[in-house]
Amino acid sequence: MPEAKGMWEGLMDFSFRVYATPKMLRFLYALHLLVGLIAGVAWVVTAFQQAPVQGLLALLAALFGYFVWFLYCRVVIELLAAVFRMADAIAP
């Protein structure tokens, strides 16, 4: 299966002869990191509105949680990329 020339061409290929996902991996990675950052900031802001000590604890927890989220997203995206590379290598 050849790789798509562009992301949009891959998305519009209804015969599924080209991969669209490898072109979208950077976007998916950035999107997931952004969503994690927004969730962490929202949680910290909500905690600071309730009490300063609770906000500081939420800030520390959010920093640790975002680091874990960062690692998790990176591993999943690399796993996806490896699967697509294997599929390209196996295909005749």
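To be clear, the structure that these remarks concern was listed above.
Residues numbered from 1 in each chain as written. Predicted model: local features only at pLDDT ≥ 70, side-chain atom pairs only at ≥ 80, totals over all residues. Heavy atoms only, no water.

Visitor: Can you tell me about the overall build of the protein, naming the residues and giving the values?
Guide: The number of helices and strands found in the protein is three helices and zero strands. Along the protein, helices (α) and strands (β) appear in the sequence α-α-α when read from the amino end. For the C-alpha atoms alone, the extent of the protein along its principal axes is close to 60 × 25 × 15 Å. Counting only residues that meet the buried cut, the protein has 23% of its 92 residues in that class. Across the protein, contacts joining residues at least 24 apart in sequence account for 43% of those joining residues at least 6 apart. Only carbon and sulfur atoms are counted for the fraction: they give 75% of the accessible area of the protein, which is about 7,000 Å². Looking at charge distribution, the protein has the averaged site of its 6 positive side-chain charges lying 3 Å from that of its 5 negative ones. (Helix = DSSP H or I, 4+ residues; strand = E, 2+ residues; numbered from the N terminus. Buried < 20%, exposed > 50% of the residue type's maximum accessible area, 1.4 Å probe, protein only. Contact = heavy atoms within 4.5 Å. Areas by Shrake-Rupley, 256 points an atom, 1.4 Å probe, with all protein chains shown as cover. Lys, Arg positive; Asp, Glu negative; His and termini not counted. Charge placed at Lys NZ, Arg CZ, Asp CG, Glu CD.)

Visitor: Mind laying out the nonpolar core, listing which residues take part and the relevant values?
Guide: With six residues, the main nonpolar core is built from L25, Y29, L33, C73, I77 and A81. Looking at this core, the elements with two or more residues in it are α2 (21-50) and α3 (52-90). Sequence-distant contacts of C73, that is, excluding residues within four places in its chain, are made with Y29, H32 and L33. (Core = buried A, V, L, I, M, F, W, Y, C linked by side-chain atoms within 4.5 Å.)

Visitor: Report on the packing of aromatic side chains, specifying residues and quantitative values.
Guide: Evaluation of the coordinates by the stated rule reveals two aromatic pairs. The ring of Y29 has R74 sitting right over it, with the charged end atom 5.6 Å from the ring centre. (Phe/Tyr/Trp six-rings, centres within 6.5 Å; stacked < 30°, edge-to-face > 60°. Lys NZ or Arg CZ within 6 Å of the ring centre and 35° of its normal.)

Visitor: Tell me what's going on with the packing of α2 against α3, and back it up with residues and numbers.
Guide: Their axes nearest at 9 Å, the elements α2 and α3 cross at an angle of 170°. Accordingly, the angle class assigned to the pair α2 and α3 is roughly antiparallel. Its residues assigned to classes, the contact of α2 with α3 shows 24 nonpolar, seven polar and one charged. (Axes fitted to C-alpha atoms, helices over the stretch in contact; angles between N-to-C directions. Parallel < 35°, antiparallel > 145°, perpendicular 65-115°, else oblique. Nonpolar A, V, L, I, M, F, W, Y, C, P; charged D, E, K, R; others polar.)

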